[in-house]
Amino acid sequence: MSKEKKDTVIDKSIKRKHKLQAKGVKVFYNDFMAIKGIDMNIRANKVTAFIGPSGCGKSTFLRLFDRMNDYVDGFRMEGEILIDGENIYKKKVNVEQLRKQVGMVFQKPNPFPKSIFENVAYGLKIQGIKDKKFLQEKVVASLKQVALWDEVKDDLHKSALALSGGQQQRLCIARALAVEPSIILMDEPTSALDPLSTAKIEELIYELKEKYTIVIVTHNMQQAGRVSDYTAFFYLGELIEYDKSKKLFTNPEKQQTENYITGRFG
Amino acid sequence: MNRIKKNRLKDQIFKAWGIFCTLLGIVLLAIFIGSILVDGIQRIDWDFITNLPSRKAERAGIYTALMGSVWILVLTTIIALPVGIGAAIYLEEYANKSKLSSLLEINISNLAGVPSIIYGLLGLEIFVRVIQMGSSVLAGSFTLALLILPIVIVSTREALKAVPKSIRDASYALGASKWQTVSRQLLPASSGGILTGIILALSRAVGETAPLIVIGALAYVPFAPSSPMDEFSVLPIQIFNWISRPQHGFEVNAAAGIIILLLITFVMNGIAVYFRNKWQKKFK
């Protein structure tokens, strides 16, 4: 498939260089200021890693892009978050619609206490899709995409809770992919997994970036170096440094970044 | 005596005290049930359950009271269930954590502690007089529904709270609305807990006497109710009535009635325990 053809097949919007943008973003939890004014552009079809010590605001910042902070008590935001140039915090934005476009994978694998099939089909079913053949095809395709199909193809109607942690996390990724998002947010997706499962997820991330814009929060510096194209270092609610991963990990501009990646604090 | 021996002795003493406390309740209940069984078991037969009330103790049965209790149970469930669960879902999933909602919460907990006779007076004024339902099964059911509503709300909220937050996150992140998350994930996941709470609340309702006496339930009803607007009696009132009579035959009847009432509540509690155990397994 030629490059042009591929682009039109996937989505026209990804031709825009900056898929996600933050403009003067501040976040408050009641009186506490968690994000202290961040401007940032995140590139389409790249993997961008957020690193920084616990409590630096990187998870909060990540969750702004699918408005998952909305239900948190005392949450308030200033500034703009843009996806494909559209401010997603405008009043008339349909949050449910937005979240279909932005998939999310959480720190701890969180499958529903239902069957494997029901887990993957859930996102489609809530859109009102009832066509059994379509659902079946979509579930199979999504499971194949995360390389879980061979392991579960005979157990589609068994409880998802019976899977191992790594399988559960891949199932959660398949579940997110089934609704065809263009962006995938991952909040420390491997922190609860063993090294082997972690390697599988990282491999998967590498494959997925062809089609998706991926943002990943991680505590694991090696992981950020391995999977990401760009890395952003956060500290105390501020974006300290943001650059190509190669550059940031080998030759950081700021002293704070260097201290952190060399393990002198955090 | 050294310190270790002393501590061990204290341990033994407390253990003995604990066993005594545990046995106290069980033994007393066993004695009570035993004496009731001795008094009443020979009186229980099919006739006792299907006979209408009578002035002669040996011919009197609990049919009308039993049917009254069944009517009350069914109608109370129909009224309290949707209202209680609805309120709980709202408070737990929709309401913002504001001062108003914490005020509401405190009030609901307080309502659970209000003496049942007060609910009877409320029911008498509102349902019997203002809405003019009369001393009907329906008025009784509304009154008991009010009585158990706080219990249903509190236990439903506990069951919803027990569903991990990560399930909500997962559902919302896939683009589900609040109602889709509640109806497709939270209610199925918490149904065991909700059911347990409701059954326990109903087993309390079936034993209530005071509020029903206040709203005018009768001790003697010649026929079982055939519509929600009929007059009625219930088992506890029937038992209370029999026990207050001088003839020995009615005492035996009362004991037999108590056995039936206990049986109903034990069965209901048993079902509740079954669902609770089944539900607890789900998240482990």
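The rules behind the values
- Residues numbered from 1 in each chain as written.
- Chains lettered and ligands numbered in written order.
- Predicted model: local features only at pLDDT ≥ 70, side-chain atom pairs only at ≥ 80, totals over all residues.
- Heavy atoms only, no water.
- Helix = DSSP H or I, 4+ residues; strand = E, 2+ residues; numbered from the N terminus.
- Rg over C-alpha atoms; globule rule 2.2 N^0.38 Å.
- Buried < 20%, exposed > 50% of the residue type's maximum accessible area, 1.4 Å probe, protein only.
- Contact = heavy atoms within 4.5 Å.
- Polar contact = N/O pair within 3.5 Å; in protein donor to acceptor, adjacent residues only side chain to side chain.
- Pairing = 2+ DSSP bridges.
- Axes fitted to C-alpha atoms, helices over the stretch in contact; angles between N-to-C directions.
- Buried area = accessible area lost by both parts, 1.4 Å probe.
- Salt bridge = Lys/Arg side-chain N within 4 Å of Asp/Glu carboxyl O.
- UniProt positions renumbered as here; feature names shortened; annotations may be inferred.
- Parallel < 35°, antiparallel > 145°, perpendicular 65-115°, else oblique.
- Left-handed = near helix turned anticlockwise from the far one by under 90°.
- Core = buried A, V, L, I, M, F, W, Y, C linked by side-chain atoms within 4.5 Å.
- Nonpolar A, V, L, I, M, F, W, Y, C, P; charged D, E, K, R; others polar.
- Domains from an automatic or database assignment.

How should I be thinking about the overall build of chain A in this particular structure?
Summing up its helical and strand segments, chain A has 11 helices and 10 strands in all. Here chain A has a C-alpha radius of gyration of 19 Å; the compact-globule value for 266 residues is 18 Å, and the two agree. Overall, the C-alpha framework of chain A stretches about 55 × 45 × 45 Å when taken along its three principal axes. Each of the 266 residues in chain A was classed as buried or not, and the buried ones make up 53%. Sequence-distant contacts in chain A: of pairs separated by 6 or more residues, those separated by 24 or more amount to 68%.

What's the story with the side chain of Thr213 of chain A in this structure? I'm lost.
Residue and element names in this part refer to chain A. Looking at the element boundaries, Thr213 is found in strand 8 (residues 213–217). A polar side-chain atom of Thr213 sits 3.0 Å from the main-chain amide nitrogen of Asn45. Dropping the residues within four chain positions of it, Thr213 is found in contact with Lys19, Ile42, Arg43, Ala44, Asn45, Lys46, Ser182, Ile183 and Ile184.

Can you walk me through the sheet that holds strand 7 (residues 183–187) of chain A in this structure?
By definition, the strands of a sheet pair up through backbone hydrogen bonds, in either a parallel or an antiparallel sense. Residue and element names in this part refer to chain A. Pairing in this open sheet of 6 strands is mixed, and the strands run 6-7-8-3-9-10 from one edge to the other. The open sheet terminates on both sides in strands that have one partner only, identified here as strand 6 (102–105) and strand 10 (238–244). Sheet twist, expressed as the mean angle between neighbouring strand axes with direction ignored, is 15 degrees. By the bridge criterion, 5 bridges tie strand 7 to strand 8 in an arrangement that is parallel. Across the sheet, Leu185 pairs through a bridge with Val215, a residue of strand 8.

What should I look at first to understand the interface of chain B and chain A in this one?
Interfaces are often sized by the amount of accessible area the parts lose when they come together. Listed by partner, the interface residues are 20 residues for chain B and 23 residues for chain A. Taking both sides of the interface into account, the surface hidden between chain B and chain A amounts to around 1,800 Å²; carbon and sulfur atoms contribute 62%. Counting every contact that joins chain B to chain A gives 1 salt bridge. Of the charged contacts in the structure, one is a salt bridge between Asp169 of chain B and Arg63 of chain A, with a shortest N-O distance of 3.9 Å. Summed over the shared surface of chain B and chain A, the result is 4 residue pairs in polar contact (both at pLDDT 80 or more). Mapped onto the side of chain B that touches chain A, the elements with two or more residues apiece are helix 7 (165–173) and helix 8 (178–205) of chain B. In terms of residues, the side of chain B that touches chain A owes the most to one element, helix 7 of chain B, which gives 8 residues.

Which parts of the structure should I look at to understand the pairing of strand 8 of chain A?
Along a regular strand, successive side chains alternate from one face of the sheet to the other. Residue and element names in this part refer to chain A. Within strand 8, 5 of the 5 residues are buried, leaving the element largely enclosed by the surrounding structure. Judged from the 4 bridges that link them, strand 3 (residues 47–51) and strand 8 form a sheet pairing that is parallel. Looking across to strand 8, one finds that Ala49 is bridged to Ile216.

Explain the UniProt feature "domain: ABC transporter" (unreviewed entry) in chain A here, please?
Within the UniProt annotation, "domain: ABC transporter" (unreviewed entry) is assigned to residues 20–261 of chain A. Here residues 20–261 of chain A runs as 37% helix and 27% strand, with 25 Å between its end C-alpha atoms.

Just to check I follow, could you spell out the packing of helix 4 (residues 116–125) of chain A against helix 7 (residues 165–178) of chain A for this structure?
Think of two packed helices as two axes; the pair is described by the angle between the axes and how far apart they sit. Residues and elements named next belong to chain A. One way to put it is that helix 4 packs onto helix 7 with a least axis distance of 7 Å and a crossing angle of 30 degrees. Taken together, the axis directions place helix 4 and helix 7 in an arrangement best described as roughly parallel. Seen along the crossing, helix 4 lies across helix 7 with a hand that is right-handed. Only Leu171, Ala174, Arg175 and Ala178 of helix 7 make contact with helix 4, whose side of the interface consists of Ile116, Asn119, Val120 and Leu124.

Would you mind showing me how to read the UniProt feature "domain: ABC transmembrane type-1" (unreviewed entry) in chain B here?
In the numbering used here, UniProt assigns the "domain: ABC transmembrane type-1" (unreviewed entry) feature to residues 66–272 of chain B. As annotated, residues 66–272 of chain B comprises 77% helix and 0% strand, and the C-alpha atoms at either end are separated by 21 Å.

Just checking my understanding: could you explain the nonpolar core for this structure?
The nonpolar side chains of a soluble globular protein tend to be buried with one another. Ranked by internal contacts, the top residues of the largest apolar core, which has 98 residues, are Leu143 and Ile173 of chain A. Examining the composition of this core, we find that 12 residues originate from one element, helix 6 (residues 137–161) of chain B, more than from any other. Look past the residues within four positions of Leu143 of chain A in its chain and what remains in contact with it is Ile116, Val120, Leu148, Trp149, Val152, Leu156, Leu171 and Ala174 of chain A. Among the nonpolar cores identified, the runner-up in size contains 34 residues, and Tyr89, Met104, Ile183 and Leu185 of chain A belong to it.

Help me out: how do you make sense of the packing of helix 5 (residues 116–130) of chain B against helix 6 of chain B in this one?
All names here are of chain B. Orientation of helix 5 relative to helix 6, taken along the N-to-C sense of each, is 135 degrees, at an axis distance of 9 Å. When the axes of helix 5 and helix 6 are compared, the pair comes out oblique. In this structure, the crossing between helix 5 and helix 6 has a hand that is right-handed. From helix 5, Ser116, Tyr119, Gly120, Leu122, Gly123, Phe127 and Val128 reach across to helix 6, where they touch Ala139, Phe142, Thr143, Leu146, Leu147 and Pro150. Across the contact of helix 5 with helix 6, the residue classes break down as 9 nonpolar, 4 polar and no charged.

Help me understand the domain arrangement of chain B in this model?
Residues and elements named next belong to chain B. Taken domain by domain, chain B comprises domain 1 (3–43) and domain 2 (48–282). Centre-to-centre, using C-alpha coordinates, domain 1 lies 31 Å away from domain 2. Between domain 1 and domain 2, the residue contacts involve 9 residues of the former and 13 residues of the latter. Applying the counting rule to domain 1 against domain 2 returns 0 salt bridges. Between the two partners, domain 1 and domain 2, sit 4 residue pairs in polar contact (both at pLDDT 80 or more). Its residues assigned to classes, the side of domain 1 that touches domain 2 shows 5 nonpolar, 2 polar and 2 charged.

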